[in-house]
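Okay, here's what each chain looks like letter by letter:
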Amino acid sequence: MAGIEVQNLTKTFRGGMVKALDGVSLAVAPGEVCGVIGPNGAGKTTLMGCLLGLLSPTSGDLRIDGLSPDDMAVRTVTGYLPERLTLDRWMTGRDFLEYHHGLARLPAIERRGAAASALDQVGLANGAGDKSIRTYSRGMLQRLGLAQALIGRPRYVYLDEPTSGMDPSGVVLFRKLIRDEAARGATILLNSHQLEQVERLCDRVVFVRGGRVESIATVDAGATMVRVLRIRLARSAEALQTEPLPLTPVDGVQLVNQDGAEIQFAVADDAAAARLLRYLVERNYPVIEAVPDEGRLERLFTGHEPGAPA
Amino acid sequence: MNPILIGAYWRERLSSPVRMVLAFAIVGLNILTSAFTGSPVPDAFSAVYLTLVLGGGAIGRDVSSGAIHLILVRPVRRSEYVLNRWLAVFLTTSLVVIVQGAIILLLLLAGGRGVPFDMIALNLSEQILIIVGLSAVLIFLSSLVGGNGDVALFVVGFLMGSVISLIGSATQKTWLADIGHEITRFLIPRLELTGGVESLTALAVPLASWGFSVTLCLALAILVLNRREFSYASTG
């Protein structure tokens, strides 16, 4: 099979004193979006470093399309956004993308067009691309880094905390780009602490802890996510002189449970949650707290779901 | 030769105000000296200063900033990266030295002074050989330390070699003086051409020695970089 194959990968530092990866085995199919989550120091970035050929495995085997990560044929189809993004700050955004297009050995004749298109893709087309990178905000740098990782439409995309420092519109754009990349068949490995994002984007999620793969879960990216919103009132609903809550107060919301001053609703999305809150406030419900219930990955991550890592 | 890597290096150097001010100061001083003294050739050591200013941190700065991560995940071999950094350093500095020589020549011609073309050509060749050699040394040192640490290593090494040589001479210990000389000669590989080249045979040994130093430095730099691991990961 092509794609990413990792077998019994071990990586130690300081002469074996620190074991960052301990017998990791993993297979990512072509076109799959795979999330890697785990606590700090779990080995996520080390795994990515080995897959990118920046680190040499102590033992084990790594294959990408059946080739070593050091193979130039692999590098030609690789895009990477590091966690700590350091860009050549003396360039403009456009220069930077053209530079990486050139480094990727893509045809010079396509360079200007590819850079312009990449800037447009990440929302930096309105003159921002012609400004010096040193004037960029954190979010703009992250967008440019993402454009750099995606330039030349790589078949393997490695993203390490890609939305760190991005504003909400940037995050929405990022999700769209990743879905587009997945739709065109790119294999994506996503390291992120943002579990909701991983849940939304990934086909499968790998839990890494202490340098080991603890479990691999299928998360069915793109499925409509129903979340639970817990509403706490100042007084119990029964004590209020209001009409009883209907089962479906607004579109996309369903009453799940009512226990004194706490009510739980299943909400389809953020807009439905906002509609629900407006509905309650307009009817004088004394809402003092609205807390989204943790998502499935969070429950898995914290060990509150059957089959979760210990 | 990778023009993308070389072009980016040039532009990075040009965008550094400190480097530009220092380079202009060195070149300006050489031109002024020639204009006043009528000397057709600048001090050979000015090529060393220029190489240090324009070539310092050629690899180390990429390593310190983390920019090297994004380069090495591209289809660029580490050996290719090292060799292109070396090419970029010596081509940049050589170009500056050639332009400087051309300006001095024009000044001499404009002043109606006699121009010893052969002497100028030999001096220019000698300076370019220093630049090529010193660039290789700097690339090696830059593969060892981050930032502009290569320049600091060079200065420390050169001072150490000079002091050892002086102590050897003062105490009449030839072997000690030779060690000092060897250190400084390793750090600034050069060929004496202006003293007069008796024959090509006489030039063969120093030329081979110079070539060996350059090759050794580049090979060591490639070896160091090939063995080096790059990661942001915390290793506890």
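Quick caveat: nothing in here was measured; it's all calculated off a predicted structure.

The subject of this paragraph is helix α8 (residues 270–282) of chain A. Residues and elements named next belong to chain A. For α8, built from 13 residues, the straight-helix expectation of 18 Å at 1.5 Å per residue is met to within 8% by its first-to-last C-alpha distance of 18 Å. Buried within α8 are the following residues: Ala272, Ala273, Leu276, Tyr279 and Leu280. Buried residues in α8, looked at end-on, bunch into an arc of 120 degrees, giving them a common side. Exposed side chains of α8 directed beyond 90 degrees from the buried face belong to Asp270, Val281 and Glu282. On its buried side, α8 packs onto β10 (227–233), β11 (253–259), β12 (262–267) and β13 (287–292). Backbone geometry just after α8 places Asn284 at a positive phi near 65 degrees.

Let us look at the interface of chain A and chain B. The partner chain B presents 29 residues to the 35 residues of chain A that form the contact. Counting each side, the surface lost to burial between chain A and chain B is near 3,100 Å², with a carbon and sulfur contribution of 58%. The three residues of chain A that bury the most area against chain B are Leu54(A), Trp90(A) and Leu103(A), which together make up 23% of that side's buried surface. Across the contact surface, chain A and chain B share three salt bridges. A salt bridge links Arg11(B) to Asp95(A), with the nearest nitrogen and oxygen atoms 2.7 Å apart. Along the contact surface separating chain A from chain B lie 12 residue pairs in polar contact (both at pLDDT 80 or more). When residues of the side of chain A that touches chain B are traced back to their parent elements, those giving at least two are β1 (4–13), α1 (44–51), α2 (72–75), β5 (78–81) and α3 (93–103) of chain A. The element best represented in the side of chain A that touches chain B is α3(A), accounting for six residues. Its residues assigned to classes, the side of chain A that touches chain B comprises 17 nonpolar, 10 polar and eight charged.

The next point concerns the state of the cysteines. One covalent bond between the sulfur atoms of two cysteine residues makes up a disulfide. Residue and element names in this part refer to chain A. Inspection of the entire model under this criterion finds zero disulfides over all chains. For the unlinked cysteine Cys50, the closest cysteine sulfur is that of Cys34, found at 16 Å. Free of any disulfide, Cys202 has its nearest cysteine sulfur in Cys34, 6.8 Å distant.

Next up on the list: the domain arrangement of chain A. Splitting chain A by domain gives domain 1 (4–218) and domain 2 (227–302). On a C-alpha basis, the centres of domain 1 of chain A and domain 2 of chain A stand 38 Å from each other.

Residues and elements named next belong to chain A. Reading across the sheet, the three strands line up as β2-β1-β4 and stay open at both edges, with antiparallel pairing between neighbours. The outermost strands of the open sheet, each flanked by one partner alone, are β2 (18–28) and β4 (59–64). Neighbour-to-neighbour, the strand axes of the sheet open up by a mean angle of 20 degrees, direction not taken into account. Relative to β2, β1 runs antiparallel, the two sharing seven bridges. Paired with Lys11 across the strands is Leu21, a residue of β2. The sheet contacts of α1 involve β1, β2 and β4, and relative to β1 the element is tilted by about 115 degrees.

On to the sheet that holds β10(A). All names here are of chain A. Spatially, the four strands line up as an open sheet ordered β11-β12-β10-β13, and their pairing is antiparallel. Here the strands that pair on one side only, and so sit at the sheet edges, are β11 and β13. With strand direction ignored, the average angle separating the axes of adjacent strands in the sheet is 20 degrees. Two strands pair when backbone bridges link them, and β10 and β12 are joined in this way by six bridges, in the antiparallel orientation. Bridging across to β12, Arg232 finds its partner in Glu262. Sheet strands touched by α8: β10, β11, β12 and β13. Its angle to β10, the strand with the most contacts, is close to 20 degrees.

This brings us to the side chain of Glu98(A). Relative to the helices and strands, Glu98(A) is located in helix α3. Dropping the residues within four chain positions of it, Glu98(A) is found in contact with Arg111(A), Arg112(A) and Ala115(A).

This part takes up a nonpolar patch on the surface. Residue and element names in this part refer to chain B. A contiguous nonpolar patch, built from Leu95, Val99, Ile103 and Leu107 and spanning about 320 Å² of accessible area, is present on the exposed surface. With respect to the helices and strands, the residue Leu107 is situated in helix α6 (residues 78–110). Judged by its relative accessible area of 37%, Leu107 falls in the partly exposed class.

For the rest of this paragraph, the subject is the packing of aromatic side chains. Overall, the coordinates contain two aromatic pairs over all chains when judged by the stated rule. Between the NZ or CZ atom of Lys11(A) and the centre of the ring of Phe13(A), over which it lies, the distance is 5.2 Å.

Residues and elements named next belong to chain A. Of note in this structure, Glu161 is not a glycine but carries a positive phi near 45 degrees. Relative to the helices and strands, Glu161 is located in the loop between β6 (156–160) and α6 (168–183). Located in the positive-phi region is Asn284, a residue other than glycine, with phi close to 65 degrees.

How each quantity is defined
- Residues numbered from 1 in each chain as written.
- Chains lettered and ligands numbered in written order.
- Predicted model: local features only at pLDDT ≥ 70, side-chain atom pairs only at ≥ 80, totals over all residues.
- Heavy atoms only, no water.
- Helix = DSSP H or I, 4+ residues; strand = E, 2+ residues; numbered from the N terminus.
- Expected span 1.5 Å × (residues − 1).
- Buried < 20%, exposed > 50% of the residue type's maximum accessible area, 1.4 Å probe, protein only.
- Arc of directions from axis to C-beta.
- Contact = heavy atoms within 4.5 Å.
- Buried area = accessible area lost by both parts, 1.4 Å probe.
- Salt bridge = Lys/Arg side-chain N within 4 Å of Asp/Glu carboxyl O.
- Polar contact = N/O pair within 3.5 Å; in protein donor to acceptor, adjacent residues only side chain to side chain.
- Nonpolar A, V, L, I, M, F, W, Y, C, P; charged D, E, K, R; others polar.
- Disulfide = S-S within 2.5 Å.
- Domains from an automatic or database assignment.
- Pairing = 2+ DSSP bridges.
- Axes fitted to C-alpha atoms, helices over the stretch in contact; angles between N-to-C directions.
- Patch = residues over 30% accessible without salt bridge, like charges linked within 9 Å, V, L, I, M, F, W, Y side chains within 5 Å.
- Areas by Shrake-Rupley, 256 points an atom, 1.4 Å probe, with all protein chains shown as cover.
- Phe/Tyr/Trp six-rings, centres within 6.5 Å; stacked < 30°, edge-to-face > 60°.
- Lys NZ or Arg CZ within 6 Å of the ring centre and 35° of its normal.

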